[in-house]
Amino acid sequence: MVAPIPEAPEIERHRAAMFRSDLSKPVRLAIESAILDKDTTFFDYGCGHGGDVTRTTNQGYLSNGWDPYYQPNNLLADADIVNIGYVINVIEDPTERREALLKAWSLAQKVLIVSAQVLIDDRTSGQIAYGDGIVTRRNTFQKYYEQEEIKIYINKVVSVDDIPV
């Protein structure tokens, strides 16, 4: 007798969107290092609840964002600086993950900021292996990257040599 193949879990990506009380670390570092300044436009690809867009706009930056769940009616827009922060690590489909990175790259006029969850020591506590990542207790997907792995992935997808920060 053949065991039935377990049904794939329904991933709830939108639940991975974080509520923050301040700027995300990648956007804060972009401002601190003057990559993002008041003369550049900023677009947050996969902005979730829009916290970085709201905070940068309130600080005088020309900012906009799009998210397939929370901000689906916002237009995708070219910008000097495009942030795809903690997005590729929550997309369970490798093809869709690659397409998201390529789309964000196509919008970036000067700089694309890519950030993802890095590998943690205890990946197995209450989590289910799924594809090349895990399903979390919140029924979201996480692909944890090692620093060199994310660099190689970005370089391969967008065909440029990235600069880790």
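Below is a summary of the structure that appears in this document. Computed from a predicted model, the values in this text were never measured in an experiment.

The rules behind each value
- Residues numbered from 1 in each chain as written.
- Predicted model: local features only at pLDDT ≥ 70, side-chain atom pairs only at ≥ 80, totals over all residues.
- Heavy atoms only, no water.
- Phe/Tyr/Trp six-rings, centres within 6.5 Å; stacked < 30°, edge-to-face > 60°.
- Buried < 20%, exposed > 50% of the residue type's maximum accessible area, 1.4 Å probe, protein only.
- Lys NZ or Arg CZ within 6 Å of the ring centre and 35° of its normal.
- Helix = DSSP H or I, 4+ residues; strand = E, 2+ residues; numbered from the N terminus.
- Contact = heavy atoms within 4.5 Å.
- Pairing = 2+ DSSP bridges.
- Right-handed = clockwise from strand over helix to strand, strands pointing away.

### Brief notes about the packing of aromatic side chains
Part 1: Applying the stated criterion across every chain yields a total of three aromatic pairs.
Part 2: Ring centres of tyrosine 145 and tyrosine 153 lie 6.1 Å apart, and the angle between their planes is 35°; on these two criteria the pair is classed as tilted. One exposure class covers both tyrosine 145 and tyrosine 153, and it is buried.
Part 3: Sitting over the face of the ring of tyrosine 61, lysine 38 holds its NZ or CZ atom 5.0 Å from the ring centroid.

### Describing the environment of phenylalanine 43
Part 1: Within the element layout of this structure, phenylalanine 43 appears in strand β1 (residues 41-45).
Part 2: It is 5.7 Å that separates the C-alpha atoms of phenylalanine 43 and alanine 79, two residues lying 36 residues apart in sequence.
Part 3: The residues touching phenylalanine 43, leaving out its near neighbours within four places in the chain, are Asn64, Gly65, Trp66, Leu75, Leu76, Ala77, Ala79, Ile81, Val82, Asn83 and Leu107.

### Notes on the pairing of strand β4 (residues 108-115)
Regular strands show a simple pattern: their side chains alternate between the two faces of the sheet.
Part 1: Across six bridges, the pairing between strand β3 (residues 79-85) and β4 is parallel. Bridge pairing links alanine 79 to alanine 108 in β4.
Part 2: Of the crossover connections in this fold, the one passing from β3 over helix α3 (residues 94-107) to the parallel β4 is right-handed.

### Here's the deal with the sheet that holds strand β5 (residues 128-130)
Two strands in a sheet stick together by hydrogen bonds in their backbones, pointing the same way (parallel) or opposite ways (antiparallel).
Part 1: Reading across from one edge, β5-β6-β7 is the order of the three strands in this open sheet, with antiparallel pairing throughout. If you trace the sheet from one side to the other, it starts and ends with β5 and β7 (141-142), each paired once.

### Quick word on the pairing of β3
Part 1: With seven of seven residues buried, β3 lies mostly within the body of the structure.
Part 2: Where β1 meets β3, three bridges bridge the pair, whose relative direction is parallel. Bridging across to β3, phenylalanine 43 finds its partner in valine 82.

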